[in-house]
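# Remarks on the overall topology
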Amino acid sequence: MGKEAIACFVTYTNTDIELKMIAAERNAKHGYQMSNKDKKNLAIEVCGSYSNEEIAKILSVSVRTVSDWTQNKRQSDEEKRNEDIFSEYLKGWNTQEAIAERYGITKQAVSKIIEKLSTNSNIAKSLQNFKPIIYSIWNTEKGDGVSHFGAFPIVFMENLIYYHTEPMDIVYDPFAGNGTTVDVCKAWQRRYYCSDRIVKAGREDDIKLWDIANGLPNDLQKPDFVFLDPPYWKQAEKMYSEDKECLGNMSLDDFYATLEKFLKELIGRKVKRIAIVIMPTQWKNDKKYEDHIFKLAKVFNGKYEIEMRRILPYSTQQYNAQMVEKAKEEKICLVTHRDLVVWRLL
């Protein structure tokens, strides 16, 4: 049989969308015309990658037709992009300039998107069932389904944010743990900078890897509100890690020295409000009462004043029967609460 050489050329494409558009263009040149329904479906599929003019030329239709076909899709894509931009801005390490460069738009455009989406009506939708705790004893009969050691209930974080911050304030939490602060800030439209020396799997996008022993992060903008829920010294010994640099594994002197150094850096930045939640150490300190909150309070003298102090009783028993009997024998009053104090810059 005779063989006939047929001229051909090879085109390399980067995406399936590009391949579909090339196929549509070349098929049309060889007489194969797509139906209007197929053209519309393809136009909608590729409108995020091609301009209306480019689509109209390839599909041999008017720009007005393409505009009508893709209007809803482009609007939906723009809304999704704007939501993504707003979500990125809520991360306290991102600047408007950096976001503008990332999305290929102007800083002014980013500012308008943020202004549009940061409305009280949007916050209200997320918090329709929120009821503030009116009294200074913060108790909760049920947890949040979070079982890890030292968990801070969402309802408490919501109240902290409600009482001590405003929309778009930057909230800094260097002991982010399970991500409660992140979740509340997203719902309440507060910007957040959350970090920890060990980041929980699945939260890497919202929580940065950082150890306060290294001081404040370089990309931390001045926060409006700082929430500190550090490991409670010996109460947290080896609960988070075996690392000697972990606050729970330090000597008492090193524990205070590390926290006080960090607090002085925050005070030097003139942060508006700083909150600390911590339980006095007792049983694991040979039953000797160590009141951490009063020791740490000395750092604030003359520069901050106490805005509010709250008592957080534990909702579950912290001591077993043997401990209780021992306390009775030795006339020891057992600690069953955490202190939560908010300081305000003078």
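For the structure itself, consult the block above.
All figures in this text were calculated on a predicted structure; none of them were measured in a lab.

### A word on the overall build of the chain
Each helix and strand in the chain was counted, giving 12 helices and seven strands. The globule rule puts the C-alpha radius of gyration for 346 residues at 20 Å, and the 29 Å found for the chain is more than 25% above it. The dimensions of the chain, computed from C-alpha atoms along their principal axes, are 105 × 55 × 40 Å. Of the contacts formed within the chain by residues at least 6 apart in sequence, a portion of 66% connects residues at least 24 apart. With an accessible surface of roughly 20000 Å², the chain has 50% of that area assigned to carbon and sulfur atoms.

### A closer look at a nonpolar patch on the surface
A cluster of nonpolar side chains, contributed by Ile134, Tyr135, Tyr162 and Tyr163, occupies part of the molecular surface with about 490 Å² of accessible area. Inspection of the secondary structure assignment puts isoleucine 134 in the loop between helix H7 (120-126) and helix H8 (154-164). Isoleucine 134 sits in the exposed class, given a relative accessible area of 62%.

### Considering the sheet that holds strand E6 (residues 304-313)
Across the sheet, which stays open at both edges, the seven strands sit in the order E3-E2-E1-E4-E5-E7-E6 with mixed pairing between neighbours. Each edge of the open sheet carries a strand with a single partner, namely strand E3 (207-209) and E6. Adjacent strand axes in the sheet meet at a mean angle of 20°, parallel and antiparallel pairs treated alike. The pairing of E6 with strand E7 (residues 337-345) spans nine bridges and is antiparallel. Residue pairing for E7: arginine 310 is matched across the bridge by leucine 340. Sitting on the sheet, helix H10 (residues 252-268) touches strand E1 (170-173), strand E4 (225-228), strand E5 (273-278) and E6, and the angle it makes with E5 is about 160°.

### Concerning the pairing of strand E2 (residues 191-196)
Counting buried positions along E2 gives six out of six residues, so the element sits mostly inside the fold. Burial along E2 is two-sided: Arg191, Tyr193 and Ser195 and Tyr192, Cys194 and Asp196, pointing in opposite directions, are all buried. Handedness of the crossover joining E1 and E2 through helix H9 (residues 180-188) is recorded here as right-handed. Two strands pair when backbone bridges link them, and E2 and E3 are joined in this way by three bridges, in the parallel orientation. Note that in E3 the partner of aspartate 196 across the bridge is leucine 209.

### Let's talk about the packing of helix H1 (residues 16-29) against helix H2 (residues 36-46)
Angle between the axes and distance between the axes are the two parameters that describe a pair of packed helices. For the pair H1 and H2, the least separation of the axes is 10 Å and the interaxial angle reads 145°. The element H1 and its partner H2 pack so that their crossing is left-handed. Along its contact with H1, which presents Ile17, Lys20, Met21 and Ala24, the element H2 presents Leu42, Glu45 and Val46.

### Overview of the environment of arginine 269
Within the secondary structure layout, arginine 269 lies in the loop between H10 and E5. Exposure remark for arginine 269: the relative accessible area of 29% places this residue in the partly exposed category. Excluding residues within four positions of it along the chain, arginine 269 makes contact with Leu216, Leu220, Gln221, Lys222 and Pro223.

### Some thoughts on the packing of aromatic side chains
If you walk through the whole model with that rule in mind, you get 15 aromatic pairs. Seen in terms of ring centroids, phenylalanine 152 and phenylalanine 156 are 5.8 Å apart; in terms of plane orientation they differ by 65°. Their pairing is edge-to-face. The burial state of phenylalanine 152 is the same as that of phenylalanine 156; both residues are buried. Here tyrosine 162 and tryptophan 188 contribute two aromatic rings whose centre-to-centre distance is 6.2 Å and whose plane-to-plane angle is 65°, an arrangement assigned as edge-to-face. One end of the pair, tyrosine 162, is in helix H8; the other, tryptophan 188, is in helix H9, with 26 residues separating them in the sequence. Looking at tyrosine 162, the relative accessible area reads 39%, which means it is partly exposed. A residue is classified by how much of its surface remains accessible, and tryptophan 188, at 6% relative accessible area, is buried. The lysine or arginine in question, arginine 191, covers the ring of tyrosine 89, its NZ or CZ lying 3.8 Å from the ring centre. One cation-aromatic arrangement involves lysine 287 over tryptophan 283; the distance from NZ or CZ to the ring centre is 5.4 Å.

### Things to note about H9
Taken together, the buried positions of H9 are Thr180, Thr181, Val182, Val184, Cys185 and Trp188. Of the residues one or two after H9, glutamine 189 is the one with positive phi, at around 55°.

### Things to note about the environment of isoleucine 114
Take isoleucine 114: it is sitting in helix H6 (residues 107-117). Owing to a relative accessible area of 7%, isoleucine 114 belongs among the buried residues under this scheme. Considered as a pair, isoleucine 114 and methionine 168 are 54 residues apart in the sequence and their alpha carbons are 9.7 Å apart. Sequence-distant contacts of isoleucine 114, that is, excluding residues within four places in its chain, are made with Phe86, Tyr89, Gln96 and Met168.

### Focus on the pattern of salt bridges
Inspection of the entire model under this criterion finds 20 salt bridges. A salt bridge links aspartate 84 to lysine 80; the nearest nitrogen and oxygen atoms lie 2.9 Å apart. Of the two residues, aspartate 84 and lysine 80 both sit in helix H4 (residues 63-90), four residues apart, roughly one turn of that helix. Here lysine 80 falls in the partly exposed class, since its relative accessible area comes to 45%. We note a salt bridge from arginine 197 to aspartate 211, for which the minimum N-O separation is 3.3 Å. Of the two residues, arginine 197 sits in the loop between E2 and E3 while aspartate 211 sits in the loop between E3 and E4, which places them 14 residues apart along the sequence. Look at the salt bridges and you will find they share partners, linking Glu88, Lys91, Arg102 and Asp205 into a network.

Thresholds applied
- Residues numbered from 1 in each chain as written.
- Predicted model: local features only at pLDDT ≥ 70, side-chain atom pairs only at ≥ 80, totals over all residues.
- Heavy atoms only, no water.
- Helix = DSSP H or I, 4+ residues; strand = E, 2+ residues; numbered from the N terminus.
- Rg over C-alpha atoms; globule rule 2.2 N^0.38 Å.
- Contact = heavy atoms within 4.5 Å.
- Areas by Shrake-Rupley, 256 points an atom, 1.4 Å probe, with all protein chains shown as cover.
- Patch = residues over 30% accessible without salt bridge, like charges linked within 9 Å, V, L, I, M, F, W, Y side chains within 5 Å.
- Salt bridge = Lys/Arg side-chain N within 4 Å of Asp/Glu carboxyl O.
- Buried < 20%, exposed > 50% of the residue type's maximum accessible area, 1.4 Å probe, protein only.
- Pairing = 2+ DSSP bridges.
- Axes fitted to C-alpha atoms, helices over the stretch in contact; angles between N-to-C directions.
- Right-handed = clockwise from strand over helix to strand, strands pointing away.
- Left-handed = near helix turned anticlockwise from the far one by under 90°.
- Phe/Tyr/Trp six-rings, centres within 6.5 Å; stacked < 30°, edge-to-face > 60°.
- Lys NZ or Arg CZ within 6 Å of the ring centre and 35° of its normal.

Read these as layout, nothing more, since geometry by itself doesn't imply function.
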